[in-house]
Amino acid sequence: MSLLDILLVLARHKTLIAWSVLVFTVIGFTYAVFAPEEFTSSTEVVREAQEGGGDLPSGLPTGALSGLGISFGGASSGLTPAAYPDVLQSREVRLAVVRDTFRFPDTGRPMTYVKYMSQPAGTWSKVLEYTLWLPWTLKGALGKAISGTPAPAGTTDTGELVIPTEEENAAMKAVGGMVTTSVDEETGLMTISVTTSGPRLAASLAESFLDHFTARVREIRTEKVRERLGFVEERFDEAEQELERAEERLAQFLERNQNPTTATLQFQRDRLQRQVSFKEQLYSELQSQLTQTRLDLQRRQPVVTVVEEPVPPRQRSAPKRTFIVLLSLVVGGVLGIVLAFMKALFESAEETDEEKKKLDEIQEHLVPTRWRREPSAT
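Note that the coordinates shown come from a computational prediction; the quantities given were computed from them, not determined experimentally.

What counts and how
Residues numbered from 1 in each chain as written. Predicted model: local features only at pLDDT ≥ 70, side-chain atom pairs only at ≥ 80, totals over all residues. Heavy atoms only, no water. Helix = DSSP H or I, 4+ residues; strand = E, 2+ residues; numbered from the N terminus. Contact = heavy atoms within 4.5 Å. Areas by Shrake-Rupley, 256 points an atom, 1.4 Å probe, with all protein chains shown as cover. Patch = residues over 30% accessible without salt bridge, like charges linked within 9 Å, V, L, I, M, F, W, Y side chains within 5 Å. Salt bridge = Lys/Arg side-chain N within 4 Å of Asp/Glu carboxyl O. Lys, Arg positive; Asp, Glu negative; His and termini not counted. Charge placed at Lys NZ, Arg CZ, Asp CG, Glu CD. Pairing = 2+ DSSP bridges. pLDDT = per-residue confidence, 0-100. Buried < 20%, exposed > 50% of the residue type's maximum accessible area, 1.4 Å probe, protein only. Axes fitted to C-alpha atoms, helices over the stretch in contact; angles between N-to-C directions. Parallel < 35°, antiparallel > 145°, perpendicular 65-115°, else oblique. Nonpolar A, V, L, I, M, F, W, Y, C, P; charged D, E, K, R; others polar. Core = buried A, V, L, I, M, F, W, Y, C linked by side-chain atoms within 4.5 Å. Phe/Tyr/Trp six-rings, centres within 6.5 Å; stacked < 30°, edge-to-face > 60°.

Colleague: What am I meant to see in the overall build of the protein here?
Modeller: For the protein, the helix and strand inventory stands at 13 helices and 6 strands. Within the protein, contacts between residues at least 6 apart in sequence are counted, and of these 75% link residues at least 24 apart. Total accessible area on the protein is roughly 25000 Å²; 57% of this is exposed by carbon and sulfur atoms.

As structure tokens, then:
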């Protein structure tokens with residue numbers, strides 16, 4: 001096929017190509033105009049380098065209390081920047097975000113994301129739910145009927161929910177699809193981007209994700225230190241009470257026996273004094289370890305540094321109207337040209353008996369009888 005043949009095909013089917021371009025351009029223009037606007041707010045964080053453990057304030061070796069089952073060697077949580085996206089998308093972070101309060105563009109008043117998702121659907125949404133989305137509506141209703149009433153959410157001592165409710169699960173799924181992350185493996189810099197229907201809402205959600213993500217990372221990073229701190233505090237309280245009881249016993253003995261002369265009384269006095277001395281030493285060591293553990297816990301916070309705070313974007317991120325219209329124009333033109341060449345190919349095939357037989361057989365197998373074209377009289 002020469003260049004003139006190609007131009008001839010395009011000239012003969014210029015109307016088909018023009019209609020294809022027009023239809024796709026109208027579709028693209030309609031979508032670009034009526035598609036909801038989206039705004040993206042981003043923030044950047046980086047993990048701080050952790051300092052190594054130092055000597056104890058009192059100069060005691062870290063194994064001084066190994067006999068009591070306390071080990072104060074440096075321990076790492078194993079949390080690397082590569083795990084940050086998983087932490088950000090964890091259930092704990094998303095659940096904390098959907099329980100936060102935001103101001104939504106279409107409501108004009110602050111409310112939690114769970115309450116916003118639980119609002120009654122509008123008239124247009126109801127129409128779509130029972131027309132175009134009817135199969136999915138029936139599927140959801142059938143799933144609820146099979147599973148039954150969901151179990152009530154558990155609560156903590158303060159009455160805070162632990163197990164997400166059905167509404168919270170839906171809200172968590174929604175916000176999980178709004179946030180995206182990227183991590184630079186060389187620098188450890190993580191970018192958090194949140195895309196929503198409003199610029200201020202995007203910034204508020206990004207800030208909420210950032211706050212709860214930072215708190216979650218700190219909690220994971222300091223979990224072992226906090227466990228050690230709780231254990232040392234318990235032992236310290238016990239040692240303090242034992243020291244007080246030993247001092248009271250010694251004081252009571254000295255009040256009853258101000259000048260012990262017998263060997264038995266002197267032995268009892270020495271024994272009580274040794275107990276007080278031992279309890280004082282244990283109390284002093286535990287106090288030193290308690291101070292060191294608190295310093296270690298403080299040194300591990302914060303473990304995440306915010307490089308760039310989230311701010312409301314000045315321009316929308318989607319839809320890109322010019323790009324959509326140009327893409328629709330190009331797709332329509334390409335499709336029109338392809339259809340033109342296919343039509344020309346079928347027209348040329350009908351000119352020979354052998355090719356005509358092939359087309360008739362294809363119609364017999366693929367095209368319904370009422371749609372088949374009657375063979376032309378020869």
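Picking up after the structure, the text goes on.
Colleague: What should I look at first to understand a positive patch on the surface in this one?
Modeller: A cluster of basic side chains, namely Arg245, Arg249, Arg271 and Arg274, defines a positive patch on the protein surface. Contributing elements (two or more residues each) for the positive patch: α10 (223-256) and α11 (263-299). Tracing the chain through its elements places arginine 271 in helix α11.

Colleague: Sorry if this is basic, but what is going on with the pairing of strand β1 (residues 39-47) here?
Modeller: In the case of a regular strand, side chains alternate between the two sheet surfaces. Pairing analysis gives 8 bridges linking β1 to strand β5 (residues 189-196), with the strands arranged antiparallel. Opposite glutamate 44, over in β5, you have threonine 191 as the bridge partner. Looking at chain direction, β1 and strand β6 (residues 304-308) are connected through 4 bridges and run antiparallel. Paired with valine 45 across the strands is valine 306, a residue of β6.

Colleague: Which parts of the structure should I look at to understand the confidence of the model for the protein?
Modeller: A low pLDDT means the predicted coordinates there should not be read in detail. Residues at a pLDDT of 70 or more form 71% of the protein, whose mean pLDDT is 76. Note that pLDDT drops below 50 for residues 51-76; the model gives that stretch 41 contacts with residues more than four away or on any other chain. Note on residues 147-157: pLDDT is under 50 here. Beyond four places in sequence and across chains, it has 12 contacts.

Colleague: I tried to follow a negative patch on the surface on my own but got confused; where do I start?
Modeller: A grouping of Glu244, Glu247, Glu248 and Glu280 is seen on the molecular surface, where their side chains present a negatively charged patch. Counting residues per element, the negative patch draws most heavily on α10, which supplies 3 residues. Following the sequence through the fold, glutamate 244 ends up in helix α10. Taking relative accessible area as the criterion, glutamate 244 reaches 42% and is therefore assigned partly exposed.

Colleague: Whenever I open this one, the packing of helix α4 (residues 91-98) against helix α8 (residues 166-176) confuses me. Can you help?
Modeller: Geometrically, a packed helix pair is captured by the angle between its two axes and the distance between the axes. Direction vectors running N to C along α4 and α8 enclose 105°, while the axes themselves pass 9 Å from each other. Here α4 lies roughly perpendicular to α8, going by the angle between them. Of the residues in α8, those touching α4 at Arg91, Arg94, Leu95 and Val98 are Glu168, Ala171, Met172, Lys173, Val175 and Gly176. Taken together, the residues that form the contact of α4 with α8 break down as 5 nonpolar, 1 polar and 4 charged.

Colleague: Explain the nonpolar core here, please?
Modeller: Generally speaking, nonpolar side chains in soluble globular proteins are found buried as a group. Of all hydrophobic cores here, the largest spans 28 residues; its most connected members are Val98, Phe102, Tyr113, Leu205, Phe209 and Phe213. Sorting elements by how many residues they give to this core places helix α9 (residues 199-221) first, with 7 residues. Once residues within four sequence positions are removed from consideration, phenylalanine 209 is found in contact with Leu88, Val93, Arg94, Val97, Val175, Val179 and Val194. Leu229, Val232, Phe236 and Ala239 belong to the second largest nonpolar core, which has 9 residues in total.

Colleague: It is not clear to me how a nonpolar patch on the surface should be interpreted in this structure. Could you clarify?
Modeller: Among the surface-exposed residues, Leu16, Leu329, Val330, Val334, Leu335, Val338, Leu339, Met342 and Phe346 lie close enough to one another that they form a single nonpolar patch of about 710 Å² accessible area. Considering each element in turn, the nonpolar patch owes the most residues, 8 residues, to helix α12 (residues 321-349). Positionally, phenylalanine 346 belongs in helix α12.

Colleague: I keep staring at the packing of aromatic side chains and nothing clicks. Help me out?
Modeller: In this description, an aromatic ring pair is defined by two values, namely the gap between the centres and the angle between the planes. The full count for this structure, using the stated rule, is 6 aromatic pairs. Linked through ring pairs, Phe102, Phe104, Tyr113 and Tyr116 together constitute an aromatic cluster.

Colleague: It is not clear to me how the sheet that holds β1 should be interpreted in this structure. Could you clarify?
Modeller: Backbone-to-backbone hydrogen bonds join strands into a sheet, with any given pair of strands oriented parallel or antiparallel. Taken in spatial order, the 4 strands of this open sheet run β4-β5-β1-β6, and their pairing is antiparallel. The open sheet terminates on both sides in strands that have one partner only, identified here as β4 (179-183) and β6. This sheet shows a mean twist of 25° between the axes of neighbouring strands, independent of strand direction.

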